[in-house]
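Single-letter residue listing:
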Amino acid sequence: MKDPVSSSAGDTGDNDVLRIAILISGRGSNMEAILKRRMTMPKVRVVCVISDNPSAKGLQIAKNFDIDNLYLDPGPYKTKLDPAAEQRYIEYLISKKADLICLAGFMRLIKDSFLSAFPGRIINIHPSLLPKFPGLNAQKQALEAGEKVSGCTVHFVDSGIDSGSIIRQRTVPILERDNPDKLASRILKEEHILYSEIIKEISQKKIRIG
Ligand code: GRF
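All residues in the neighbourhood of the ligand are listed as R27, G28, S29, N30, G105, I125, H126, P127 and E191. The side chain of R27 places a nitrogen or oxygen atom 2.5 Å from an oxygen atom of the ligand. In the model, an oxygen atom of the ligand is placed 2.5 Å from a nitrogen or oxygen of the S29 side chain. Coverage of the ligand by the protein chains reaches 86% of its 370 Å² of free accessible surface. The set of elements that each furnish at least two residues to the shell around the ligand consists of α2 (29-36) and β5 (122-126).

Burial runs high along α2: six of the eight residues are buried. Among all positions of α2, only S29, N30, M31, A33, I34 and L35 are buried. Taken together, the buried residues of α2 touch β1 (18-24), β2 (44-51), α3 (57-64), β5 and α7 (180-203).

Mapped onto the elements, L136 comes out in the loop between β5 and α6 (138-144). Linking L136 and H126, residues 10 residues apart in sequence, is a C-alpha distance of 9.6 Å. If sequence neighbours within four positions are ignored, L136 has contacts with M107 and Q141.

Remark on secondary structure: sheet strands pair via backbone hydrogen bonds, oriented parallel or antiparallel. Here seven strands make up an open sheet; going across it, the order is β3-β2-β1-β4-β5-β6-β7 and the pairing mixed. The strands lining the two open edges of the sheet, one partner per strand, are β3 (69-71) and β7 (166-173). Shown here is a sheet whose adjacent strand axes are inclined to one another by a mean of 20 degrees, direction ignored. Pairing of strand β4 (residues 100-103) with β5, which is carried by three bridges, proceeds in the parallel orientation.

A few words on the environment of E86. Locating E86 in the fold gives a position in helix α4 (residues 83-95). Residue class for E86 comes out buried when judged on its relative accessible area of 8%. Sequence separation between E86 and I110 is 24 residues; the distance between their C-alpha atoms is 8.8 Å. If sequence neighbours within four positions are ignored, E86 has contacts with L81, K111, S113 and F114.

As a packed pair, α2 and α7 sit with axes 9 Å apart at the nearest point and diverge in direction by 50 degrees. By the angle class used here, α2 and α7 are oblique. α7 is crossed by α2, and the crossing has right-handed handedness. Two secondary-structure elements touch here, α2 through S29, N30, A33 and I34 and α7 through L188, E191, H192, Y195, S196 and I199.

This paragraph deals with the packing of α2 against α3. Relative orientation and spacing of two packed helices are given, respectively, by the angle between their axes and the distance between those axes. Taken N-terminus to C-terminus, the directions of α2 and α3 make an angle of 15 degrees; their axes are 9 Å apart at the nearest point. Classified by the angle their axes make, α2 and α3 are roughly parallel. Pair α2 / α3 crosses with right-handed handedness. Contact with α2, carried on its side by M31, E32 and L35, involves G58, I61 and A62 of α3 and no other residues of that element. Looking at side-chain class alone, the contact of α2 with α3 contains four nonpolar, one polar and one charged residues.

Next up on the list: α7. Across its 24 residues, α7 extends 34 Å between first and last C-alpha, which sits within 8% of the 34 Å expected from 1.5 Å per residue. Between the side-chain oxygen of the N-cap and the backbone nitrogen of D181 there are 3.0 Å, and the N-cap of α7 in question is N179. Directly beyond the C-terminal end of α7, a positive phi value near 65 degrees is found at K205.

With that settled, consider the pattern of salt bridges. Under the defined criterion, the tally for this structure stands at 12 salt bridges. The partner of R168 in a salt bridge is E197, with the nearest N and O atoms 2.9 Å apart. A residue pair is termed long-range when its members are at least 10 positions apart, and R168 in strand β7 and E197 in helix α7 qualify at 29 residues. Classification of R168 by relative accessible area gives partly exposed; the value is 26%. Residue E201 is joined to R168 by a salt bridge in which the shortest nitrogen-to-oxygen separation is 2.8 Å. Note that E201 is positioned in helix α7 and R168 in strand β7, a separation of 33 residues in sequence. Overlapping salt bridges bring together R168, R170, E190, E197 and E201 as one network.

Criteria and cut-off values
Residues numbered from 1 in each chain as written. Predicted model: local features only at pLDDT ≥ 70, side-chain atom pairs only at ≥ 80, totals over all residues. Heavy atoms only, no water. Near = heavy atom within 4 Å. Polar contact = N/O pair within 3.5 Å; in protein donor to acceptor, adjacent residues only side chain to side chain. Areas by Shrake-Rupley, 256 points an atom, 1.4 Å probe, with all protein chains shown as cover. Helix = DSSP H or I, 4+ residues; strand = E, 2+ residues; numbered from the N terminus. Buried < 20%, exposed > 50% of the residue type's maximum accessible area, 1.4 Å probe, protein only. Contact = heavy atoms within 4.5 Å. Pairing = 2+ DSSP bridges. Axes fitted to C-alpha atoms, helices over the stretch in contact; angles between N-to-C directions. Parallel < 35°, antiparallel > 145°, perpendicular 65-115°, else oblique. Left-handed = near helix turned anticlockwise from the far one by under 90°. Nonpolar A, V, L, I, M, F, W, Y, C, P; charged D, E, K, R; others polar. Expected span 1.5 Å × (residues − 1). Salt bridge = Lys/Arg side-chain N within 4 Å of Asp/Glu carboxyl O.

Shape is all these values report; function is a separate question.
Rendered as structure tokens:
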């Protein structure tokens, strides 16, 4: 049976509904956390989940939630979409009337033409207190730098690596015997809270987007 929460209102032209698309590359736990909390976000509709990786675990999770989900070929590059792929992504997102694009472990840089198709409407979550430790292995970077506190950041996306303006952060302490995995799992719990909180506030117009 089709999930009435995820699939209905936006299609009826309800302007008050925030239609979000979630882009993933792998596990999809942030996406799952958003889907689990969507009953608490009456003005949010998850209109699709897109992956650049056909075997992303998150695609199956989205399917289990009866959310429109698909693999979209990213083209030949590893860290970005090629121009034809970018066009495929943009066209699909426009066809779904997405208001907000949420990157959740999507492992590619978003370039200018993609950004200008959705100005100020693409956000990302990152497992560090940006501007510290952008890029890969953020938790390991924080440990190696001897930090006492780390956390996660939701930020607007620009064409740099995790460099767009910060929306909000949550912190976690770094413990004496931490290792990257332990720290990552403590940060991840905070990510799961933070991302939904921000999306909800955007839907309530407490946070403004482009
Ligand atoms: C998260 O740590 C997120 O902050 C980072 O990539 C990871 C994705 O995890 N951008 P998941 O796929 O949401 O489980």
